[in-house]
Every structure is written in structure tokens, then in C-alpha cells.
Amino acid sequence: MVVEQIEKVLMDTLKEMSMDVDSIRVILSNRKDLCDYQCDESFKLAKRFHKSPLEIGNSIVEKIKERDDFSDIFEKVECAPPGFINMTLSAKMINDTLEKMRTSKKFGLKEPAKKETIFLDYGGPNVAKPLHVGHMRTAIIGESIKRIFAYAGHKTIADVHLGDYGLQIGEVIYGIQKENLDIETITIQDLDRIYPAMSALCKESEEIKEKCETITKELQEGNIEYQRYWKKICEVSCEDILGIYRYLDVSFDLWLGESDAYPVIPETEEIFRKKGLLQKSEGAVIVNVSKETDKLEIPPLVFQKSNGAYLYATTDLATIVDRVKKYHPDKILYVTDNRQALHFEQVFRASELAGIAPYEMFEHLGYGTVNGTDGKPYKTRNGDSPKLQYLFSQAKDILISKKDSNETSSEEDINRIVNAILKFADLSNNRERDYIFDISKFSEVVGKTGPYILYTYLRLDKIIQDTDIENHKLGSRIYNSYDRDLRLKLLEFEIAFHNALEARMPSYIADFVYEICVLANAFYQNNHINGLEELEKKKDWVALLTLTNQMIQEMLSLLVIKIPTVM
Ligand code: ARG
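Remember, predicted model here, so these are calculated numbers, not experimental data.

Colleague: Report on the overall build of the protein, specifying residues and quantitative values.
Modeller: When helices and strands are counted, the protein shows 21 helices and 13 strands. Along the first, second and third principal axes, the C-alpha atoms of the protein reach 85 × 70 × 40 Å. Residue burial in the protein is summarised as follows: out of 567 residues, 53% are buried. Accessible area of the protein: about 26,400 Å², with a carbon and sulfur share of 50%.

Colleague: Describe the packing of helix α7 (residues 167-178) against helix α8 (residues 188-204), listing the residues and the values that go with them.
Modeller: Where α7 contacts α8, the axes come no closer than 9 Å and their chain directions differ by 105 degrees. Relative to α8, α7 is oriented roughly perpendicular. Packed against α7, whose contacting residues are Gln168, Glu171, Val172, Tyr174, Gly175, Ile176 and Lys178, the element α8 presents Leu191, Ile194, Tyr195, Met198, Ser199, Leu201 and Cys202 at the interface. Looking at the contact of α7 with α8, its residues break down into nine nonpolar, three polar and two charged.

Colleague: Give a detailed account of the sheet that holds strand β11 (residues 362-367), specifying residues and quantitative values.
Modeller: Pairing is parallel in the open sheet, where four strands are placed in the order β6-β5-β10-β11. The sheet terminates laterally at β6 (155-159) and β11, the two strands that pair on one side only. Pairwise comparison of adjacent strand axes, ignoring direction, gives a mean angle of 20 degrees for this sheet. Here strand β5 (residues 117-121) pairs with strand β10 (residues 331-337) via four bridges, running parallel. Across the sheet, the residue bridging to Phe119 is Ile332, located in β10. Its contacts with the sheet put helix α13 (residues 341-353) on β10 and β11, and the angle it makes with β11 is roughly 175 degrees.

Colleague: Tell me about the layout of surface pockets, residues and numbers included.
Modeller: Of the voids in this model, the second largest pocket is the one considered here, and its volume is about 480 Å³. Val3, Glu4, Glu494, Ile495 and His498 are the residues nearest the centre of the second largest pocket, which is lined by 21 residues in total. When residues of the lining of the second largest pocket are traced back to their parent elements, those giving at least two are α1 (2-16), β1 (26-28) and α19 (493-503). It is α19 that provides the largest number of residues to the lining of the second largest pocket, a total of six residues. Partitioning the lining of the second largest pocket into residue classes produces eleven nonpolar, three polar and seven charged.

Colleague: Let's hear about the packing of aromatic side chains: which residues, and what values?
Modeller: One pass over the structure, following the stated rule, counts 28 aromatic pairs. Relative to Phe437, the ring of Tyr378 has its centre 4.7 Å away and its plane inclined at 45 degrees; by these criteria the two rings are tilted. Of this pair, Tyr378 sits in the loop between β12 (370-371) and α14 (388-402) while Phe437 sits in the loop between β13 (435-436) and α16 (439-442), and the two are 59 residues apart along the sequence. Here Tyr378 and Phe437 have matching classes, each one buried. The ring centre of Tyr359 lies 5.5 Å from the NZ or CZ of Lys291, which sits over that ring.

Colleague: Quick one: what's the story with the site of the ligand, residue by residue and with numbers?
Modeller: With respect to spatial proximity, the complete set of residues near the ligand consists of Asp121, Gly124, Asn126, His135, His161, Tyr312, Asp316, Tyr334, Thr336, Gln340 and Phe344. In the model, a nitrogen atom of the ligand is placed 2.8 Å from a nitrogen or oxygen of the Asp121 side chain. Between a nitrogen atom of the ligand and a main-chain N or O atom of Gly124, the distance comes to 2.9 Å. For the ligand, the accessible surface in isolation is 350 Å², of which the surrounding protein chains cover 86%.

Colleague: So what about the pattern of salt bridges? Which residues, and what values?
Modeller: In total, this model carries 48 salt bridges according to the counting rule given. A salt bridge links Asp330 to Lys114; its shortest N-O distance comes to 3.1 Å. Taken together, the positions of Asp330 in the loop between α12 (312-327) and β10 and Lys114 in the loop between α5 (91-103) and β5 put the pair 216 residues apart, joining distant regions of the chain. Assessed through its relative accessible area of 30%, Asp330 is described here as partly exposed. Given a relative accessible area of 48%, Lys114 falls into the partly exposed group. Among the salt bridges present, the one from Glu432 reaches Arg431, with a minimum N-O distance of 3.8 Å.

Colleague: Which residues make up the sheet that holds strand β2 (residues 37-39), and what values go with them?
Modeller: The pairing of strands in a sheet comes from backbone hydrogen bonds and takes either a parallel or an antiparallel form. Taken together, four strands build an open sheet; the order of strands is β1-β2-β4-β3 and the sheet is antiparallel. Either end of the sheet is taken by a strand with one partner, and the two such strands are β1 and β3 (74-80). Averaged over all pairs of adjacent strands, the angle between their axes in this sheet comes to 25 degrees, without regard to strand direction. One ladder, built from six bridges, connects β3 with strand β4 (residues 84-89); its direction is antiparallel. Its bridge partner lying in β4, Val77 is registered against Met87.

Colleague: Go over empty space enclosed by the protein, please, and point to the residues and values.
Modeller: Counted according to the given criterion, the structure contains three cavities of 30 Å³ or more. Estimates place the volume of the largest cavity at around 70 Å³. Lining the largest cavity are Phe119, Asp159, His161, Leu256, Gly257, Asp260, Ala261, Thr319, Asp322, Arg323 and Tyr327. Ranked by residues supplied to the lining of the largest cavity, first place goes to α12 with four residues. For the lining of the largest cavity, the residue count by class is four nonpolar, three polar and four charged. Within the residue set of the lining of the second largest cavity, elements represented by two or more residues are α5 and α19. A breakdown of the residues in the lining of the second largest cavity according to their chemical character gives seven nonpolar, two polar and one charged.

Cut-off values and rules
Residues numbered from 1 in each chain as written. Predicted model: local features only at pLDDT ≥ 70, side-chain atom pairs only at ≥ 80, totals over all residues. Heavy atoms only, no water. Helix = DSSP H or I, 4+ residues; strand = E, 2+ residues; numbered from the N terminus. Buried < 20%, exposed > 50% of the residue type's maximum accessible area, 1.4 Å probe, protein only. Areas by Shrake-Rupley, 256 points an atom, 1.4 Å probe, with all protein chains shown as cover. Axes fitted to C-alpha atoms, helices over the stretch in contact; angles between N-to-C directions. Parallel < 35°, antiparallel > 145°, perpendicular 65-115°, else oblique. Contact = heavy atoms within 4.5 Å. Nonpolar A, V, L, I, M, F, W, Y, C, P; charged D, E, K, R; others polar. Pairing = 2+ DSSP bridges. 1 Å grid on protein atoms, 1.4 Å probe; cavity = no way out; pocket = protein on both sides within 12 Å on 5 of 7 lines; lining within 4 Å. Points joined across faces, edges and corners; volume = space filled by probe spheres on them. Phe/Tyr/Trp six-rings, centres within 6.5 Å; stacked < 30°, edge-to-face > 60°. Lys NZ or Arg CZ within 6 Å of the ring centre and 35° of its normal. Near = heavy atom within 4 Å. Polar contact = N/O pair within 3.5 Å; in protein donor to acceptor, adjacent residues only side chain to side chain. Salt bridge = Lys/Arg side-chain N within 4 Å of Asp/Glu carboxyl O.

Don't take any of this as a statement about function, it's just geometry.
Here it is as C-alpha cells:
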């Protein structure tokens, strides 16, 4: 909002000087001691008009100062060698903009020029297999990106895309039959035990693995007995998965899976066949997706195995056929581990070759691995990938152990804090990078953590409540540097939000909310509102803190974090 206004001032000025530009870029200053915002257009103009950037910069500054409304907008504008235009905003400009933000929905965020339908594929849990920390990443990164798109004004459709038809199902059916268990009374504990045992067994014995593969293939072909087993396994497993998503406050519009792609495979195959894209290779059916311009070789996509079974890529392609037909998405985004990048590259290329959907419609949003303090993928002490519930209870135990014994929190509040601990730690990292899972650090109340943000919010809320001043508008004054710094930070909302949206990186929002909290803490530690005699000042500050908290709350909701009532 503010950047746009300054850009307009600069463009108007250049027009008056007969140096018209189509667009101009004003950025946040990285020298806050010198100015609030900066522009480096003088360098481009210098080339165009064969003058030095300093000369151009100075003349622009002089021209801006001639404006009647100069002092309404700026406190100071200077040209700093070698030619940067440094701008410091006036109190009026800051407060008027904040007041507009305060009284508008979503802080005055503009609706998108074109409202798009964004289809998001995240979560991707595998039925019958315990969810691990990677599944938490896809769930919360995906949910956060979905909320960011929705907040921006787009239509979102989220699909969990269950892994519900793969080899693990054959393995579990084999295990259940081997143990002679009654499928109707199977429990999640049974599945949690059988899957790892069978998976280990298949690694040892090629014969058993083949048996499990045959079961899987027959299931996919519609074997009635196996279908009955499969339905029950899905029912039990999905109940457990839903419980985890409920705990994480993650939800989906569509609860579909790989199995739902099977009915679409014949149609998909036909599309590829008609285009002449299917080739036989060592008994398998493949699609060549390499390009001459490839620097790294992209291997062919395997459409069908030599035993006739379809694969992960096939179901992903059939799923695209279905999604395009039913939901007409403008974009389809996939949130998975970075290691699936090649798979998606193959799928996106194949989809474009077959004319199903253009390559640009797709984005694979990869994320890094969660490591232990030893730098290796996070494991429990006995070497297993920890189940998600284990992580939740671990965070909960640490939280409770850190609390003063006389404090009591409701179960709901504790769960919200646990969520904040895990989600803030995850989402505040650039999603593509690995991070170290250090639950003790994540649950500290100081530092860049979820509890720190929650604590700041509750602290501000208490200060506001104690004054009994409600819903006052922002005044025209700024009282000191703590006050000014906080106000300027709130103005950065639109920049932070757009960065997050464009890069599909919730970390921009996490950074922003953290920076607000740092400044809000400095503000209230240095400005004691409750002892204040001056009513005007008190009202101004309450209005500022109210806006601050509203911003924190909405940003946290984009990070899928809810605020507890007490901590
Ligand atoms: N089930 C998969 C896994 O655990 C993730 C699914 C991602 N989505 C997709 N359309 N391939 O790796």
C-alpha cells in the first residue's frame, strides 16, 4: 500500500521531468538509520539520459520537494551517493496508511487482478503406514500455502491424495492373512505392527515380496476378497490420519487417493496412445520425456511395469486428467519432499506432451528433510522414524515440564501451544532447506519460536485489556523511535505477504510476524501504557497495539497457528 503510493509519487515526478518510466521499484531500506524506503531508478535513467546517477538523483529529489503535499508524505528525501534516492516517511503518511489498514479487511490487501483456481495436493499420507515427520511437513506447509492463496483472494481446492493402492497394502493384506487375523476387527495397533514387520520381511525375502506384489496387482484389478480387506484397512488407517489432521488443524476439500485414479487410467492410456507417446522397453511401457536441451538426463517415465502393474507416475497422470476435467484449475501445486522433484518433472513433461495440461500449470513445491541434532534424518533413540503422535506427546511433555506448577492450562490451550511450537519451527525455515528438529529449542519462550510469538500476543492483549480503551482510531502523532519502528514494520505487511505468495514460502510470513513481535516487545518494555496520564497518547498506543495484535493473529492463522487463552 505504502510502496505503491511512493512509487506513484516518483512516477508522477519523472513524468513532470519528461523522464517517463513504465514502472519503478521502491524497496525497503536496508539502512534503517538513513531512511525507510529506497529507489535506485537513477542508475537506469543515468544510462538513458547520459548523466551521472547522482545528478539525476539530485534533480528528482529537488523536483519531489516542490510538491505541495511533500511534507504530508515525507519527512525527508535525499539523494545519497552514488545516486540512491532515500526516503523517510512523515508521521502523517505512516498513520494515515495504518488507519486505512486498520479499517479495511485484510489490511487493505488488493484483490488479485485475476481470481484463479489453485488446486493443492499435499498431505499424501500412505494408508497402513505410520505418518512420520515428513508427513507433518507436507501437511502444514501445504495448509499454510493454501491459506495464503485463499487470503490473497484466490479459490483453492485441496486434495489429500492418499497413497492407498501401493505395495504397502499388499504387504499388510499378506501379513493379516499370515497371522490369521479377522479383518473385521483389525485395529490401528495391528497395522502399526504389521506394516513394519512385513516391509522388513519383503526386504529379506524376494519370494514374499513377489507374493505381496501379486496381491497388490490383483487388488488393483478388482479382486473382491482383497477389496474387502483393503476397504477395512483404509477405514481404520484413515480414522487415525484424520485424527492427526484434526490435531494439526489441517483440512481438505477432497479426500481422494491413488485408487481413485485407476478408473481414469484407460482414458489416460488412450490419450497417450493416440499421440504415439507409449513405447515398449524391456517389456515395460514408457514415455520418453527427455529434451535435447536437457543438461542432466531425464529418464523416461514408466507408465506400466512389465507385469502389467501401473505405477506412481501413472496414477499421478490419470489424477491430472481427472482434476483438469472436473475442477478446471489454473494451477496445480504439489507439496512433497524435495526428493520427488524428478518424478514430478517427468509427470509434468508427460502431461504437456500428451496435451493434458501445459507444463506451466504445475509447480512442485519441494521441502527439505527434518534432521536430528546429529544432522541425520530425525530418528527416535531406537533408530525408528518417530510416529507423529510421538512428536506431539514429546512437545507436550517438554511444555508441561517447563511450566510453573501453579499454572493450569486447558487441554485445548496446551494443544494450541504444541501446534505453535512445531509449526512455527517448521514454517519459519525456508521450506526447501533441511532443518534440525530440536524440540527443546523450539519450545523456548525466547528467540524465534512459536511460544515467543504467542507470549507477545498475550502480553499485548493484557496491556490493552487493562486500559479499558476500546477500538480507538490511530491518532496523528508518533511519540518515539520504539513507536515509529513498530508502525513502520506494520506497513511492511503487503511486502511480506506478497513475498510469501509469490515464492510459495510461508517463511516470509513467519519472519514478518517475528519481527513485529521483537519490535512490539521493545515498544511495551520502553513505553509504559498503563501508568500514562496523557489520555490521547494512551489511546493512540492502545490503537497501535490493537492493530499489531490483529496483524499477529491473522499472520498466525496463515501459519495454521491458533492463539491459546493463557500460557
Ligand atoms: N504418498 C506420497 C508419498 O508419501 C505423496 C503423494 C504426493 N502427491 C502426489 N500427487 N504424488 O511420498
